[in-house]
Amino acid sequence: MKRKTVFAIAVGMLVVGVVTFRHYQPAAPVPPQGDSPSTKHPVKPRLPAPRMPITTPLAEPQTDDLQSTNLIARLFNRDDVNELSPQQLEAYLKYNRRSAASLLAADRTTGDRTFLREAMEKYPNDPRVDFAAWLRSESPEERRRWLDTFKQSAPDNALANYLLARDYFKSGQSDQAVQELLASGSKPIQDYALDFIQNSEEAYRSAGYSDAEAKAMATSSLLLPQLTEFKQVGLSLVDLAKAYRQAGDEASAQAAFQMASNLGQRLDDSGTLTLIQSLVGIAVQRNVLNAMDPNSPYGDSGQTVQNQIDALNQRRASLNDITKQAQALLPTMSEQDLNTYFDRLKLFGEAATLRWAVDRFGQQ
């Protein structure tokens, strides 16, 4: 692989997963009739929930600041990025005894679903396999079956609860969706991204790629379909809050708003692996705030709703700015530096790694 491809992939990683993200323009703000969401006195939404539309469709992609960083589309013209052949992975699979992790890596690096089917048959109770099977399912029935299996194999993973909540919201089963969200509780959200990257990296390296190439290829091939699902769960919760409010149940409306806000904050964690996850988290939080009177107080912080919106806009602008600075620097980095870049990305997340790159290689 040419060295230009290595840094092209590195630049593409600035927005890994952006192809799964769609922007949503919220409806006109709904004036609140109570305090804004606060975690001090959490309230569970009343069940049964008010009737809601079966689904909230995604809007068409909008032109905004994310487009300026959408280099992954250029990357995936696939002129320089080649999938591995099954023959190239024979030694890798044999060395790893065709484990669940190695079969999933083979599926991701070759695009050959034979490997995923083998993993599904051999390891039906491995949560990584169940998650991958959900991702590749071709029918709603099959997706639901694998989600149920995923929930059983990963009872301590909130990801299964959120994905099931999205599935319930889509089918108009709001009560079941709320129950899944309540069940998510304080459980961590584990999407196995680092596991997938590491195993794919080893697969590429076994096929003869250099360390930098293997790391770049493995990281750029990461799929993040769950982010769209998270975004839609947040939108459905805002719709649910509005429905509660129209029914005169303000306490339940606030509880639904708080659930959506909490989801957005969990996604926008400072150490998250990818920038796109943070951007989705920011979008979820903004959708909640846009449904409120901008001049109303926000919880017990002494800030207004508009203050919170401004802070989120500033954070998004900051992420966009560091991306633009870094994307000019990555093509100048040596393969050794790129190795360090991808190692730091896995340890500290993309935002922190981009800041490191700007501090290390930017103009003094």
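Residues numbered from 1 in each chain as written. Predicted model: local features only at pLDDT ≥ 70, side-chain atom pairs only at ≥ 80, totals over all residues. Heavy atoms only, no water.

1. Brief notes about the overall build of the protein chain
Part 1 of the reasoning: Across its full length, the protein chain holds 17 helices and two strands.
Part 2 of the reasoning: Restricting the contact set of the protein chain to residue pairs at least 6 apart, pairs at least 24 apart contribute 73%. (Helix = DSSP H or I, 4+ residues; strand = E, 2+ residues; numbered from the N terminus. Contact = heavy atoms within 4.5 Å.)

2. Let's talk about the side chain of T110
Part 1 of the reasoning: Tracing the backbone through its elements, the reader meets T110 in helix α4 (residues 100-110).
Part 2 of the reasoning: A distance of 2.6 Å separates a polar side-chain atom of T110 from the backbone oxygen of A106.
Part 3 of the reasoning: In terms of polar contacts, T110 uses its side chain to reach the backbone amide nitrogen of D112, at 3.0 Å. (Polar contact = N/O pair within 3.5 Å; in protein donor to acceptor, adjacent residues only side chain to side chain.)

3. Considering the packing of aromatic side chains
Part 1 of the reasoning: Counting across every chain of the model gives eight aromatic pairs.
Part 2 of the reasoning: Taking the centre distance of 5.6 Å and the plane angle of 15° together, the rings of F131 and W134 count as stacked. Placement of both F131 and W134 in helix α6 (residues 127-136) is noted, with a separation of three residues, approximately one turn of the helix.
Part 3 of the reasoning: Of the residues examined, F131 reaches a relative accessible area of 3% and is grouped as buried.
Part 4 of the reasoning: Ring geometry for Y204 against Y209: centres 5.5 Å apart, planes inclined by 90°, an arrangement best described as edge-to-face. Pair check on accessibility: Y204 and Y209 agree, each one buried.
Part 5 of the reasoning: Joined through ring pairs, the aromatic side chains of F131, W134, F150 and Y192 make up one cluster.
Part 6 of the reasoning: It is R108 that lies over the ring of F196; its NZ or CZ is 3.9 Å from the centre. (Phe/Tyr/Trp six-rings, centres within 6.5 Å; stacked < 30°, edge-to-face > 60°. Buried < 20%, exposed > 50% of the residue type's maximum accessible area, 1.4 Å probe, protein only. Lys NZ or Arg CZ within 6 Å of the ring centre and 35° of its normal.)

4. Re the packing of helix α14 (residues 275-289) against helix α15 (residues 305-329)
Part 1 of the reasoning: Two numbers describe how α14 lies on α15: the axes approach to 10 Å, and their chain directions differ by 160°. Looking at the two axes, α14 sits roughly antiparallel to α15. Remark: the crossing between α14 and α15 carries left-handed chirality. Of the residues in α15, those in contact with L275, S278, L279, I282, Q285, R286 and L289 of α14 are V305, Q308, I309, L312, N313, R315, R316, L319 and T323.
Part 2 of the reasoning: Grouping the constituent residues of the contact of α14 with α15 by class yields eight nonpolar, five polar and three charged. (Axes fitted to C-alpha atoms, helices over the stretch in contact; angles between N-to-C directions. Parallel < 35°, antiparallel > 145°, perpendicular 65-115°, else oblique. Left-handed = near helix turned anticlockwise from the far one by under 90°. Nonpolar A, V, L, I, M, F, W, Y, C, P; charged D, E, K, R; others polar.)

5. So, the pattern of salt bridges
Part 1 of the reasoning: As enumerated under the stated definition, the model contains 17 salt bridges in all.
Part 2 of the reasoning: When the shortest N-O distance is used, the salt bridge between E138 and R113 registers 3.1 Å. Separated by 25 residues along the polypeptide, E138 in the loop between α6 and α7 (140-153) and R113 in helix α5 (residues 113-122) bring together distant segments of the chain.
Part 3 of the reasoning: With its nearest N and O atoms 3.3 Å apart, the salt bridge here joins R128 to D195. Here the residue R128 occupies a position in helix α6, and D195 occupies one in helix α10 (residues 193-206), the gap between them amounting to 67 residues.
Part 4 of the reasoning: One salt-bridge network, in which partners are shared between bridges, spans E201, R205, D211 and K346. (Salt bridge = Lys/Arg side-chain N within 4 Å of Asp/Glu carboxyl O.)

6. Comments concerning the confidence of the model for the protein chain
Part 1 of the reasoning: The pLDDT averaged across the protein chain works out to 84; a share of 80% of its residues lies at or above 70.
Part 2 of the reasoning: With pLDDT under 50 throughout, residues 16-35 is counted as low confidence; its partners more than four residues away or in other chains account for 64 contacts.
Part 3 of the reasoning: Contacts of residues 56-80 to residues separated by more than four positions or lying in other chains number 52 contacts, the stretch itself having pLDDT below 50. (pLDDT = per-residue confidence, 0-100.)

7. Examining the packing of α5 against α6
Part 1 of the reasoning: At a minimum axis separation of 10 Å, α5 and α6 run at an interaxial angle of 135°. As the angle between them shows, α5 and α6 are arranged oblique. Crossing handedness for the pair α5 and α6: left-handed. Mapping the contact onto sequence places R113, L116, A119 and M120 in α5 and V129, A132, A133 and R136 in α6.
Part 2 of the reasoning: Looking at side-chain class alone, the contact of α5 with α6 contains six nonpolar, no polar and two charged residues.

8. A look at unusual backbone geometry
Part 1 of the reasoning: Cis peptide bonds are those with omega within 30 degrees of zero, and the linkage from L47 to P48 qualifies with 5°.
Part 2 of the reasoning: A positive phi angle is found at R98, which is not glycine, with a value near 50°.
Part 3 of the reasoning: In this structure, Y192 takes a positive phi of about 65° despite not being glycine.
Part 4 of the reasoning: Structurally, Y192 is set in the loop between α9 (174-184) and α10.

9. As for the environment of F230
Part 1 of the reasoning: Structurally, the position occupied by F230 is in helix α12 (residues 226-246).
Part 2 of the reasoning: For F230 and G264, which are 34 residues apart along the polypeptide, the C-alpha to C-alpha distance reads 8.6 Å.
Part 3 of the reasoning: Among all residues touching F230, those that are not within four sequence positions of it are L159, Y162, I189, L263, L267 and V284.

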